[in-house]
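Structural overview
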Amino acid sequence: MNYKPNASEVKKNITEKLSRHFGCTPAEASRDQLYKAAALTIKDILTEKRGEFKNKVNQEGAKRVYYMCMEFLLGRSLKTNLCNLGLQEQYQKAIKSFGFDLDDLYECEPDAGLGNGGLGRLAACFMDSLSSLDYPATGFSLCYEYGLFKQMIVDGMQIELPDVWLPGGEVWLVPRTDRVYKVRFGGRVKEEWRDGRLQISYEGGEEMEAVPYDMMISGADSSAVSQLRLWRARDIQNFNMGLFAQGQYSRAMQQSNAADIIAKVLYPSDNHTEGKLLRLSQQYFLVSASCQSIIRDHMAVYGTLDNLADKVAIHINDTHPAMCIPELMRILIDDYCYSWDRAWDIVTHTVSYTNHTVMPEALETWNEDLFALKLPRIHMIIKEINERFCREAWEFYPGNWDRISSMSVLAYGQVRMANLSVIGSHTVNGVSKLHSQILVDTVFKDFYRMYPDRFDNVTNGIAHRRWLVYSNPMLAKLLDECIGEGYRKDPEILADFLKYADDESVLARLAEIKHKNKERFSNFLSKKCGKALDTHSIFDVQIKRLHEYKRQLLNALNIIGIYLDLKDNPNLDIQPQTFIFGAKAAPGYAMAKRIIKLLCMIQKDIEQNPQIAEKLRVVFLEDYNVSAAEVLVPAAEISEQISMAGKEASGTGCMKLMINGALTIGTLDGANVEMQAATGAENMFIFGLTSKEVEELFAKGYNAPLYYASNERLARIVNFLNVGFAGESFADIATYLLAGPGVADPYLCLADFESYRQAHVKALDTYKDQKKWNRMSLVNIAAAGHFAADRSINEYADRIWGLQRLTGKK
């Protein structure tokens, strides 16, 4: 097949797709039909390339990685695939000949509703790099019908609506009804020894079919095409025609509904038993179907599982897929008759685990009774894993039952998935140097003493081609002119841009590009919600999931201070500032939703005061997603990375903003520490307590009201929360900061406020010297190559997975 068709060939291919799939000619086709026809032609190219690459992998007996994650935040596929394949110009010409523009087709595609935030975006970036670097890889997740949710803001309140993405997104999916697997829930397990072997059978329970839908993930200028396999559940019981004929329609449909609900939404609320059961079912459905698929593919090539660990690496991204450890044990023991010891040896040499958080509530646990009821055989296997581990731990920590209990998988009626992940993996890694150090010093310190060689660090990275080359073509053009195009394949070459740090013509070009990107974002916002921005104001951006530890509230307190200054003196001579937020709150997270409302009410209040709005604007982006980020990130000038030190594992938004030239105001948390080392402290605005100082402050007893009482400006800001904005009081947030419930101000907004404010003062003062600001921006761009996903993936491949690139390059 021709992987580089010219414009006339593209035109012919699209015309054929329109005729075959929609029964129309290009002259009759709608924009949506044209988008889908174009997507189908790209899918054909990717499928063909994938087949060739897979044959090469099988012929060479190459090791491959299977990456399991509950979410992949992909964004749109058409533009990325065309850019990766080098076909954007050909398709632009072909589409223009039909009377449309390629940008119009891009707008037809919804963002794939398969992810939430940093975890899913990281997984998507890694799939891109795996393809671009020619590593054999498959991702596994669920094919969510509605994804997380579509966010609507009504009177400042977040309302969750279904994210209907499949009608426009399923054109990229390839149904594989020839690769269907059965997944069992509930029932009773029967054990019987026969011919010297334990035979397992089941009574009762329910079975569902897992049907795979494959999405091809292209690489840039590469042979490889990775596969993202998404699972849907399907009822395997016969439809009850008798009940339906009697008019009992709901009962007749009940079994089908049970299967349909598995992949309905990402992260259903789990503040009730039904939600917990659904999440547990989703996670087991994912790992069971995926493990069966891995085993089937391996057996088809090698005919034995003895070499599984030599040919297969299974990576669990956070604890959601941790049940792949007992599920692999189940398959090896129950289906392939391996002994426990041999099966455990295979599993623990195959599986590796990335931890993404030190937040206690995010280290997943399940009620043991609920777990045993839903997954009886998996529970039996976990009990055995736990018993054997506890015996091993007893040898290492003799007599220390409290320590062993804290390390066990089963304790106090809970199943601890993080502990299971550590015990069942050959390597455990954190996602920044600071995070990995915190893991071995605190969360997993007892495991680290037992297994010191098991722990590693791989700092996160971003898909630099997508976030720099494709999202910011003007900056990419400048880089091409200055340092050549090599950085597109080898991002470390960005370091060569540093030699232009004192080149006034290059700095002037950087300033011009940034302003054009600000104008582009302003136009985007105007089309979306009718608001135009002052592009000569400084664009200050905080874009991340809404969580207390990420401290959007600290940002809000500083904004309130500026607002009060302008209320006192509307003629105050200050640099105009536009604060831009993008964030979704979990549906059941009341405080996060309240902070969203505070930001929206501040925005509304400012808009009602035109004099203030000339110098201060707040923009809360409704339903922020990947496509919006691709326009906003190149326009950002200040990047807010202000989490309480010790809480952010890494962060990747910080890297996207950095590579586009935004300057960071941040704490020494997550990847900020390594970014500062790469740029030099003088090229970031670091503030606040360090993770060690945070620990010491809580140890001696944090007194939030003391900071309130000793800072007149801060006291005025907190007091004004009682008055509120746009007619609504936020006295509850003032109380939260000063009195709790529980610990007052648990994420130290008051303790870090003055340092944060001074960082802003310093940033605004620096902004007055545009030459200095642009030089700092250039230094950040030049230092950002290290934070590309390509570097991360090469580290995983070399140190953790043992993969070779199929091109023969290391």
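A few points on the structure. Bear in mind the structure is a predicted one, so any value in this text is a computation, not a measurement. The residue numbering used here restarts from 1 in each chain and proceeds along that chain's sequence as written. Totals for whole chains, interfaces and linings use all residues, but because this is a predicted model, local features are given only for residues with pLDDT of at least 70 and pairs of side-chain atoms are given and counted only at 80 or more. Excluding hydrogens and water, the side-chain figures rest on all heavy atoms present in the structure.

**Quick word on the overall build of the protein chain**
Basically, it comes down to this: A helix here means a DSSP run of H or I that spans at least four residues, while a strand means a run of E at least two residues long, and both kinds are numbered starting from the N terminus. Only the C-alpha atoms count toward the radius of gyration. The rule for a globule is 2.2 Å times the residue count to the power 0.38. Burial here depends on accessible area, computed with a 1.4 Å probe over protein chains only, as a share of the maximum for the residue type. Under 20% is buried, over 50% is exposed, and the range in between is partly exposed. Only heavy atoms matter for contacts: two residues are in contact if any of them lie within 4.5 Å across the pair. For the accessible areas, the method is Shrake-Rupley and the probe is 1.4 Å, while residue cover comes only from the protein chains on display. Positive charges are assigned to Lys and Arg, negative charges to Asp and Glu, while His and the chain termini are left out of the count. Lys charges are placed at NZ, Arg charges at CZ, Asp charges at CG and Glu charges at CD.
Each helix and strand in the protein chain was counted, giving 35 helices and 23 strands. In terms of C-alpha radius of gyration, the protein chain reaches 27 Å, essentially the compact-globule figure of 28 Å for 810 residues. In terms of overall dimensions, the protein chain has C-alpha extents of about 90 × 75 × 65 Å along its principal axes. By the burial criterion, 60% of the 810 residues in the protein chain qualify as buried. If you take every contact in the protein chain between residues at least 6 apart in sequence, the share linking residues at least 24 apart comes to 76%. Working note: accessible area of the protein chain is about 31,100 Å², and carbon and sulfur atoms make up 49% of it. Positive and negative charge centroids in the protein chain, built from 93 and 102 side chains respectively, lie 3 Å apart.

**Looking at the packing of aromatic side chains**
Operational definition: For this analysis, a ring pair means two rings from Phe, Tyr or Trp (six-membered ring only for Trp) whose centres lie within 6.5 Å, classed as stacked if their planes differ by under 30 degrees, edge-to-face if by over 60, and tilted for the remaining angles.
A complete count under the given rule lists 26 aromatic pairs for this structure. Measuring from ring centre to ring centre gives 6.1 Å for Phe 497 and Tyr 500, while their planes differ by 40°; the resulting arrangement is tilted. What makes Phe 497 buried here is its relative accessible area of 0%. Relative to Tyr 702, the ring of Phe 698 has its centre 6.0 Å away and its plane inclined at 80°; by these criteria the two rings are edge-to-face. By relative accessible area, Phe 698 is classed as partly exposed at 33%.

**Brief notes about the sheet that holds strand 23 (residues 685-686)**
Put simply, the test is: One bridge is not enough; two strands pair if DSSP finds at least two bridges between them. Whenever a helix is involved, its axis is fitted only over the stretch in contact; in every case the axis is a line through C-alpha atoms, and angles between N-to-C directions fall within 0 to 180 degrees.
Spatial ordering of the open sheet is given by 20-19-18-21-22-23, a layout of six strands whose pairing is parallel. At either end of the open sheet lies a strand with only one pairing partner, and these are strand 20 (616-621) and strand 23. When strand 19 (residues 577-582) meets strand 20, the two strands line up parallel, connected through six bridges. Looking at the pairing, Gln 577 lines up with Leu 616 of strand 20. Each of strand 19 and strand 20 touches helix 24 (residues 590-607); the most contacted strand, strand 20, lies at about 135° to it.

**Here's the deal with empty space enclosed by the protein**
Selection rule: Both cavities and pockets are sets of points on a 1 Å grid over the protein atoms alone; in a cavity a 1.4 Å probe fits but cannot get out, in a pocket the set is open with protein on both sides within 12 Å along at least five of seven lines, and lining residues sit with an atom within 4 Å of a point. Grid points are joined across faces, edges and corners, and a volume is the space filled by probe spheres set on the points. Classification used: nonpolar for Ala, Val, Leu, Ile, Met, Phe, Trp, Tyr, Cys and Pro, charged for Asp, Glu, Lys and Arg, polar for all others including Gly.
Across all of its chains, the model carries seven cavities of 30 Å³ or more by this definition. If you add up the space inside the largest cavity, you get close to 160 Å³. In terms of lining residues, the largest cavity is bounded by 14 residues, among which Leu 74, Ser 77, Thr 80, Ile 217 and Arg 466 are the most central. The set of elements that each furnish at least two residues to the lining of the largest cavity consists of helix 3 (78-85), helix 6 (118-132) and strand 9 (206-218). Of the residues forming the lining of the largest cavity, the biggest block, four residues, is contributed by strand 9. Within the lining of the largest cavity, the residues separate by chemical class into five nonpolar, five polar and four charged. Volume-wise, the second largest cavity comes out at about 140 Å³.

**Quick look at the packing of helix 23 (residues 552-568) against helix 31 (residues 712-723)**
Stated precisely, the cut-off is as follows: Any angle that falls under 35 degrees is termed roughly parallel, while one over 145 is termed roughly antiparallel, one within 65 to 115 roughly perpendicular, and all others oblique.
In the contact formed by helix 23 and helix 31, the axes pass within 9 Å of each other and the chain directions differ by 95°. It follows from the interaxial angle that helix 23 and helix 31 lie roughly perpendicular. Together, Leu 557, Ile 560, Gly 561, Ile 562, Tyr 563, Leu 564, Asp 565 and Asp 568 of helix 23 and Arg 713, Arg 716, Ile 717, Phe 720 and Leu 721 of helix 31 make up the contact between the two elements. When grouped by side-chain class, the residues that make up the contact of helix 23 with helix 31 number eight nonpolar, one polar and four charged.

**Side note on the side chain of Thr 348**
Positionally, Thr 348 belongs in helix 13 (residues 340-348). Judged by relative accessible area, Thr 348 falls into the buried class, the value being 13%. Among all residues touching Thr 348, those that are not within four sequence positions of it are Ile 423, Gly 424, Ser 425 and His 426.

**Considerations on the pattern of salt bridges**
Selection criterion: Put simply, a salt bridge is a Lys or Arg side-chain nitrogen that is within 4 Å of an Asp or Glu carboxyl oxygen.
Tallied over the entire structure, the rule returns 54 salt bridges. Of the charged contacts, one joins Glu 203 and Lys 190 as a salt bridge, the two residues approaching to 3.5 Å between their closest N and O atoms. Of this pair, Glu 203 sits in strand 8 (residues 197-203) while Lys 190 sits in strand 7 (residues 188-194), and the two are 13 residues apart along the sequence. Of the residues examined, Glu 203 reaches a relative accessible area of 36% and is grouped as partly exposed.

**Here's the deal with the layout of surface pockets**
Put simply, the second largest pocket is a space of about 680 Å³. Ile 200, Arg 330, Ile 333, Asp 334 and Arg 377 are, among the 34 residues lining the second largest pocket, the residues nearest its centre. Breaking the lining of the second largest pocket down by element, the ones donating at least two residues are strand 6 (181-185), strand 7, strand 8, helix 10 (273-302), helix 12 (324-335) and helix 15 (376-396).

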